[in-house]
Amino acid sequence: MPESPAPATIIGGAVSPYVRKVLAVCALKRVPVTIDPIIPFFGNERFEAVSPLRRVPVLIDDRVTLSDSAVICQYLEERYPDPPLWPTDVADRARARWLEAFAATRMSDVIMWRVFNEAVIKPGIWGRPRDVEEVERAVTGELPPVLDYLEGVAPADGFAFGPLSIADLSVAVLFRNLAWSRVTLDPARWPRTRGWVERTVAGSPLGPLTALADRLVRLSPAAQREAYAAAGLPVTTDSMGGSTPRRGPMTV
Ligand SMILES: N[C@@H](CCC(=O)N[C@@H](CS)C(=O)NCC(=O)O)C(=O)O
């Protein structure tokens, strides 16, 4: 008999692509979730205790407290194998792990740290002006090779390895953070990547999660909590978020 999923608390808000990835996997595996949608920079001592790198997401359930979306998703896969989110073929499974690693490393460096951090986090959280030239340099210089690589591996239709997998989710989540950074991609230059991302969002729980996050980016923290509940994601009564930031923005 497969184990019925234990309720989990997810620390971190759905504006984070890594939190959306974990929430999508929880939804696919029917793990009941309560969310503490903190901004990581505002995490209190309890947050530091559960997330030594002070990063979101964190998953807490009856057996583990885990950081890092890749580690969390692997745990959920092994504990709740249905539906499988890693391909069955051994070579495809390795390729899926690589795409997840690529999304977490070079793709994240460019999209989250060079672009989103400068365009959205710096003005929105730290009240400092964005360096428009810095964003432009990343978008014109560093982003195209990442997208060129993805264009070479993107499927012409469907998902990367047949059924929806962790590779599709890991890559697709990052594109919404580019859109919030007001980066528009030339549709003629990376058409396969665009189609792959659109199909993944439309064909997975990332659809409603992205719609929720589109609302969140325009709301105050108090209104955000209501938006989560309205989207069927109950919010914890107690929070690991404080009212003042604990440290300045991370440098890479
Ligand atoms: N590789 C990690 C990345 C997590 C990450 O960078 N999260 C960001 C939010 S989008 C964060 O917590 N940043 C706060 C910080 O680095 O101080 C994962 O997949 O979970």
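Residues numbered from 1 in each chain as written. Predicted model: local features only at pLDDT ≥ 70, side-chain atom pairs only at ≥ 80, totals over all residues. Heavy atoms only, no water.

Visitor: Can you help me understand the layout of surface pockets in this one?
Guide: Taken as a whole, the second largest pocket spans an internal volume of roughly 460 Å³. As for the second largest pocket, its lining consists of 20 residues, and the residues nearest its centre are Phe175, Arg176, Ala179, Val197 and Glu198. Sorting the residues of the lining of the second largest pocket by element identifies helix H6 (166–180), helix H7 (191–202) and helix H8 (206–216) as the ones contributing at least two each. For the lining of the second largest pocket, the leading source of residues is H6, giving six residues. Looking at the lining of the second largest pocket, its residues break down into twelve nonpolar, three polar and five charged. (1 Å grid on protein atoms, 1.4 Å probe; cavity = no way out; pocket = protein on both sides within 12 Å on 5 of 7 lines; lining within 4 Å. Points joined across faces, edges and corners; volume = space filled by probe spheres on them. Helix = DSSP H or I, 4+ residues; strand = E, 2+ residues; numbered from the N terminus. Nonpolar A, V, L, I, M, F, W, Y, C, P; charged D, E, K, R; others polar.)

Visitor: Is there a simple way to explain the packing of helix H4 (residues 90–126) against H6 in this structure?
Guide: Between two packed helices, the angle of one axis relative to the other and the distance separating the axes together describe the packing. As a packed pair, H4 and H6 sit with axes 9 Å apart at the nearest point and diverge in direction by 10 degrees. As judged from the angle between their axes, H4 and H6 are roughly parallel. Mapping the contact onto sequence places Ala96, Leu99, Glu100, Ala103, Met107, Ser108, Ile111, Met112, Val115, Phe116 and Val120 in H4 and Ile166, Ala167, Ser170, Val171, Leu174, Phe175, Asn177, Leu178 and Trp180 in H6. A per-class count over the contact of H4 with H6 returns 16 nonpolar, three polar and one charged. (Axes fitted to C-alpha atoms, helices over the stretch in contact; angles between N-to-C directions. Parallel < 35°, antiparallel > 145°, perpendicular 65-115°, else oblique. Contact = heavy atoms within 4.5 Å.)

Visitor: Quick question: what am I supposed to make of H4 here?
Guide: In an α-helix, one turn spans 3.6 residues, which is why side chains three or four residues apart end up on the same side. The end-to-end C-alpha distance of H4, which contains 37 residues, comes to just 45 Å, noticeably less than the 54 Å that a straight helix rising 1.5 Å per residue would cover. By the largest-angle criterion, Asn117 marks the main kink of H4, which is about 65 degrees. For H4, the capping residue at the N-terminal end is Asp89, with a side-chain oxygen 3.1 Å from the backbone nitrogen of Ala91. Gly127 lies just past H4 and shows a positive phi near 65 degrees. (Expected span 1.5 Å × (residues − 1). Bend = angle between axes of the 7 residues up to and from the residue. Polar contact = N/O pair within 3.5 Å; in protein donor to acceptor, adjacent residues only side chain to side chain.)

Visitor: Help me out: how do you make sense of the domain arrangement of the chain in this one?
Guide: When the parts of a complex come together, some accessible area is lost, and that lost area is often taken as the interface size. For the chain, the assigned domains are domain 1 (8–84 + 208–230) and domain 2 (90–202). Relative to domain 2, the C-alpha centre of domain 1 lies at a distance of 20 Å. In this assembly, 19 residues from domain 1 lie in contact with 18 residues from domain 2. It is Tyr18, Lys21 and Phe41 in domain 1 that bury the most area against domain 2; as a group they hold 31% of the surface buried on that side. On the surface where domain 1 and domain 2 come into contact, there are two salt bridges. Glu100 is the partner of Lys21 in a salt bridge, and the nearest nitrogen-oxygen pair spans 2.8 Å. Our count for the contact surface shared by domain 1 and domain 2 stands at seven residue pairs in polar contact (both at pLDDT 80 or more). Listed by contribution, the elements that provide at least two residues to the side of domain 1 that touches domain 2 are helix H1 (17–28), helix H3 (69–79) and H8. Counting residues per element, the side of domain 1 that touches domain 2 draws most heavily on H1, which supplies seven residues. Residue composition of the side of domain 1 that touches domain 2, by class: 14 nonpolar, one polar and four charged. (Domains from an automatic or database assignment. Buried area = accessible area lost by both parts, 1.4 Å probe. Salt bridge = Lys/Arg side-chain N within 4 Å of Asp/Glu carboxyl O.)

Visitor: Looking at this model, I keep getting lost on the pattern of salt bridges. Mind explaining?
Guide: Pairing is possible between side chains that carry opposite charge, provided their charged atoms lie close to one another. On inspection of all chains with the given rule, the structure shows 14 salt bridges. One salt bridge in this structure joins Arg30 and Asp82, with 3.6 Å as the shortest N-O distance. With a gap of 52 residues between them, Arg30 in the loop between H1 and strand S2 (33–36) and Asp82 in the loop between H3 and H4 connect regions that are remote in the sequence. On the accessibility criterion, Arg30 (54% relative accessible area) is exposed. Across the salt bridge formed by Glu142 and Arg114, the nearest N and O atoms sit 3.5 Å from each other. With Glu142 in helix H5 (residues 132–153) and Arg114 in helix H4, this residue pair connects regions lying 28 residues apart in the sequence. Assessed through its relative accessible area of 24%, Glu142 is described here as partly exposed. Overall, the relative accessible area of 28% leaves Arg114 in the partly exposed class. (Buried < 20%, exposed > 50% of the residue type's maximum accessible area, 1.4 Å probe, protein only.)

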